[in-house]
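A structural walkthrough
The primary structure of each chain is shown beneath.
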Amino acid sequence: MSKKKGQYILSAIIILVVIVSLGIGRPTSTILWQLRMPRVIAAILIGAMLAWSALIFQTTLRANYLDGSMLGLANGSEFAVATSLVLLPNLAPYRVLLGAFFGILVVSILRYSVLSIFKQPLLLILVGLSLAMFFNAATTIITANNGFIGKSLSTITWIDVVSLFIIMLIGWLIWCWYSDKLTYYAIPSLQGKQLGFNESKVSFWLQIMAAMWLGAVTAIIGTVFFVGLVWVQIFTLTKALSLKERLGLTTLTGILLTVLADLLAHWVMAPDELPTNAVLLIISAPLLIWIMVRWRNEI
Amino acid sequence: MKFKNIKIKQGQKVIINEYSGTIPTTGIISVVGPNGIGKTTLLKALAGLIPYEGVILDQATLTYLPQKNRFYDAIKVDEFLGLVPTNHPQAGWRKQVFKQLDIADLQGKNVNTLSGGQQQRVWLAFSLIQSKSILMLDEPLTYLDLKYQQRFLSLISTASQFCTIIQIVHDLNIANQYSDIVWLLTVKTLLAGTPTQVLTATNLNIVFATTVKIHRTSAGQRWFSV
Ligand SMILES: Nc1ncnc2c1ncn2[C@@H]1O[C@H](COP(=O)(O)OP(=O)(O)OP(=O)(O)O)[C@@H](O)[C@H]1O
Ligand SMILES: [Mg+2]
C-alpha cells in the first residue's frame, strides 16, 4: 500500500470516528458544544502531539526505541503538575500551560544530566525508565488523598483546548524553523558536525518543543507509557520510509487511536468514564504485539 | 599542519607514544601498520575526536571518514549528498567524483537498500566533495570492487593536487604506488618518509612479523608479496 493511500484511509477512518463521537445518542446542542466538541478536538490535538513528540525524541537522540514517557519526561512533568495543583488548586484551569512549562523544565534538566551522560540508547532507556518509575510513584503518593483527577478527557474544558492549541502553535513554529535540518540526523553526529551542523542547538529546540507538547498532553490524560514508541514503530519497520514520510502516517495513527480511545472510554461503561490513557494503552498494546510478530518474521 | 609528541592512552595502556610529524598541504599520505597498532586512534586524535596529550600546530580544516559508517534514517542518496555544500573551489570536482563513483546509478535510492560497496561509494563521494584541506579516510577501499578501487585511487591522485589525503590502507602495493608519504606505525614509533624509504624489507618484516618479499617489475617498479 502506498503512503498516500494509507494516509487517505487513516483520515477517512478518523473522520468516521469523529462523526460517531460527536453524534452518537443525539446530544443536545449544549452537550455537543460544551462537552463533546472540546473532547474531540482535544483528542485530535493530543494524538498528534504525542506522536510527533515521540518521533522527535527518537530522531534527535538517534534511538529508535524511545519516547518521552520512557525518558521519565511524562511522569516528571505529571508529578510537577500534580504537586502544583495540590498546593495551588486555583491553577487547575491552566493545567495544560503548567504541563507545558514543566515539560520544558524537565527536559532542560535531563539535557544537562541524563542525556549528556548516557549516550547509548540502551542505557538511556534504562535510566529513563527508572526516572519514570520514581515520578510515577511520587505522583501516586502526592495525589493519594486529594481526589486528584486527571487522566480522562471527560474533564476537558474549552480553556484546556485553547491552551493545547496555543502550545501546539508555539511548537509548530519551532518545528518550521528547524525541520529542514532533520536530514542531518540520518547521518552520524560526527559527519554532521564536520559539515558545520550545530546539532546540540537544533536538538535543544526540537526537544524543548517535544517536551512542551508531551507535558501539555500529560497534564490532561496523564502519562501514557510507550504509545509514542509503538505508533512510530508501525511505520519504521519497513526502513523504506524516511522521517518526513513517516511523520504524516504516524500522526494520523496517533490521532485515530486517541479519538477512538476517547470514544471507547466514554461509551463502553457508560455512564462511567474510563481513563483515556488506560484505554489508549489497551488498544495500542496489541499493536506492539503485532509489531513483534512482524519483527520475528523479518529476522 | 604539524603535530608534536602526541600521546594517547586507552585506560592504562599507551597506544600512541609521543609521535610527531608534519602534514604537507598537498599529496597522499598512506598510513600502514598491523591490526590494533593505533592507526585509527592516531587519525581520530589528529581530527580532534578523542583526547590526547601533545600539541597540534596550524590546525587545518579537515574531515574524517571512519572505518565503519551507518545511517540512522531512510534517506535518499541525493538528499544525503545534498548535505554537502556545493561551494568546492575546484570547478567540476563534484561532478567528476559523482561520475567516477557512478553516483547517478544510485540517485533516488534509499541509502538503507544499498549494498556494502554501494554504500561505501556514497560515503567516499560524501567525503571527497567536501572542501577541506585534509581528507582523512579510514580504510576507504573496504567493500570496493577492483574497478571502483582503481577509480577511487585515481580520484585521490587528482585531489592530492589541491588537498592532502590521509588514508589508512592494508595493501602495501597500493601504499607503495599511490602515496607521496607513508606513515608506518610500529609498536614504538611512527616511521615517516617516501614509500622507498619506509617500506623496506627490514621494516616490514619487523612490523608485521611476517616475511614480506619485495620484487621488481621489468619496468623497475617494486611490488610486495608474502
Ligand atoms: N574505545 C576503546 N577502548 C579501549 N581500547 C581501545 C578502544 N579503541 C581502540 N582501542 C585499542 O587501541 C588499540 C589501537 O586501536 P586502533 O583502532 O587505532 O587500531 P588500528 O591500527 O586502526 O587497527 P585496524 O587495522 O584493526 O583497524 C587497539 O589495541 C585497541 O584494542
Ligand atoms: Mg582501524
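None of the values given here were measured: they were computed from a predicted structure. (Residues numbered from 1 in each chain as written. Chains lettered and ligands numbered in written order. Predicted model: local features only at pLDDT ≥ 70, side-chain atom pairs only at ≥ 80, totals over all residues. Heavy atoms only, no water.)

What follows is about the sheet that holds strand S3 (residues 27-32) of chain B. Strand pairing in a sheet relies on backbone hydrogen bonds. The paired strands run either parallel or antiparallel. Residues and elements named next belong to chain B. Pairing in this open sheet of six strands is mixed, and the strands run S5-S6-S7-S3-S8-S9 from one edge to the other. The open sheet has two free edges, formed respectively by strand S5 (62-65) and strand S9 (190-193), since each of these has just one partner strand. With direction set aside, neighbouring strand axes in the sheet form an average angle of 15 degrees. Relative to strand S6 (residues 134-138), S5 runs parallel, the two sharing four bridges. Paired with Thr63 across the strands is Leu135, a residue of S6. Sheet contacts for helix H4 (residues 116-128): S5 and S6; angle to S5, the most-contacted strand, approximately 170 degrees. (Pairing = 2+ DSSP bridges. Helix = DSSP H or I, 4+ residues; strand = E, 2+ residues; numbered from the N terminus. Axes fitted to C-alpha atoms, helices over the stretch in contact; angles between N-to-C directions. Contact = heavy atoms within 4.5 Å.)

It is worth spelling out helix H6 (residues 121-143) of chain A at this point. Residues and elements named next belong to chain A. Here H6 is 23 residues long and its end C-alpha atoms lie 32 Å apart, about the 33 Å a rise of 1.5 Å per residue gives. Within the span of H6, buried status applies to Leu124, Ile125, Val127, Gly128, Ala132, Phe135, Ala138, Thr139 and Thr143. Tucked inside the fold, the buried residues of H6 contact helix H3 (73-87) and helix H5 (114-117). (Expected span 1.5 Å × (residues − 1). Buried < 20%, exposed > 50% of the residue type's maximum accessible area, 1.4 Å probe, protein only.)

Looking now at the pairing of strand S1 (residues 2-10) of chain B. All names here are of chain B. Taken together, the six bridges between S1 and strand S2 (residues 13-22) define a ladder with antiparallel strand orientation. Note that in S2 the partner of Lys9 across the bridge is Val14. Between S1 and the antiparallel strand that follows it, S2, lie two residues; Gly11 among them carries a positive phi value of about 65 degrees. As paired strands, S1 and strand S4 (residues 53-57) are joined by four bridges and run antiparallel to one another. Bridge pairing in S4 links Lys7 to Glu53.

Residues and elements named next belong to chain B. The protein atoms that coordinate the magnesium ion (ligand 2) are Thr40 (OG1) and Gln67 (OE1), at distances spanning 1.9 to 2.6 Å. Separated by 27 residues along the polypeptide, Thr40 in helix H1 (residues 39-46) and Gln67 in the loop between S5 and helix H2 (77-81) bring together distant segments of the chain. Gln67 sits in the partly exposed class, given a relative accessible area of 34%. (Donors = N, O, S within 2.8 Å, 3.2 Å for Na, K, Ca; no water.)

Residues and elements named next belong to chain B. What surrounds ligand 1 is a group of 14 residues, the closest being Ile15, Gly36, Lys39, Thr40 and Thr41. Within the contact set of ligand 1, an oxygen atom lies 2.5 Å away from a side-chain nitrogen or oxygen of Thr41. Between an oxygen atom of ligand 1 and a side-chain N or O atom of His170, the distance comes to 3.2 Å. The fraction of the free accessible surface of ligand 1 (640 Å²) that becomes covered by protein chains is 60%. Broken down by secondary-structure element, the contributors of at least two residues to the shell around ligand 1 are S2 and H1. The dominant element in the shell around ligand 1, judged by the number of residues it contributes, is H1, at three residues. Residue composition of the shell around ligand 1, by class: three nonpolar, eight polar and three charged. (Near = heavy atom within 4 Å. Polar contact = N/O pair within 3.5 Å; in protein donor to acceptor, adjacent residues only side chain to side chain. Areas by Shrake-Rupley, 256 points an atom, 1.4 Å probe, with all protein chains shown as cover. Nonpolar A, V, L, I, M, F, W, Y, C, P; charged D, E, K, R; others polar.)

Residues and elements named next belong to chain A. Between its first and last C-alpha, helix H1 (residues 3-23) extends 30 Å over 21 residues, near the 30 Å set by a 1.5 Å rise per residue. Of the positions making up H1, those classed as buried are Gly6, Leu10, Ile14, Val17, Val18, Ser21 and Leu22. The arc that holds the buried residues of H1, viewed along the axis, is 125 degrees, so those residues lie on one side. Turned more than 90 degrees away from the buried face of H1, the exposed residues are Lys4, Lys5, Tyr8, Ile15, Leu16 and Ile19. (Arc of directions from axis to C-beta.)

The sites that UniProt annotates as "domain: ABC transporter" (unreviewed entry) are residues 1-211 of chain B. Secondary structure over residues 1-211 of chain B splits into 32% helix and 25% strand, and the C-alpha atoms at its two ends are 35 Å apart. (UniProt positions renumbered as here; feature names shortened; annotations may be inferred.)

On to the sheet that holds S1(B). Residues and elements named next belong to chain B. Pairing is antiparallel across the open sheet formed by three strands, whose spatial order is S2-S1-S4. Two strands bound the open sheet, and with one partner strand each, they are S2 and S4. Taken over all neighbouring pairs, the strand axes of this sheet differ in orientation by 20 degrees on average, direction set aside. Of the strands in this sheet, S1, S2 and S4 are in contact with H1, which crosses S1 at around 125 degrees.

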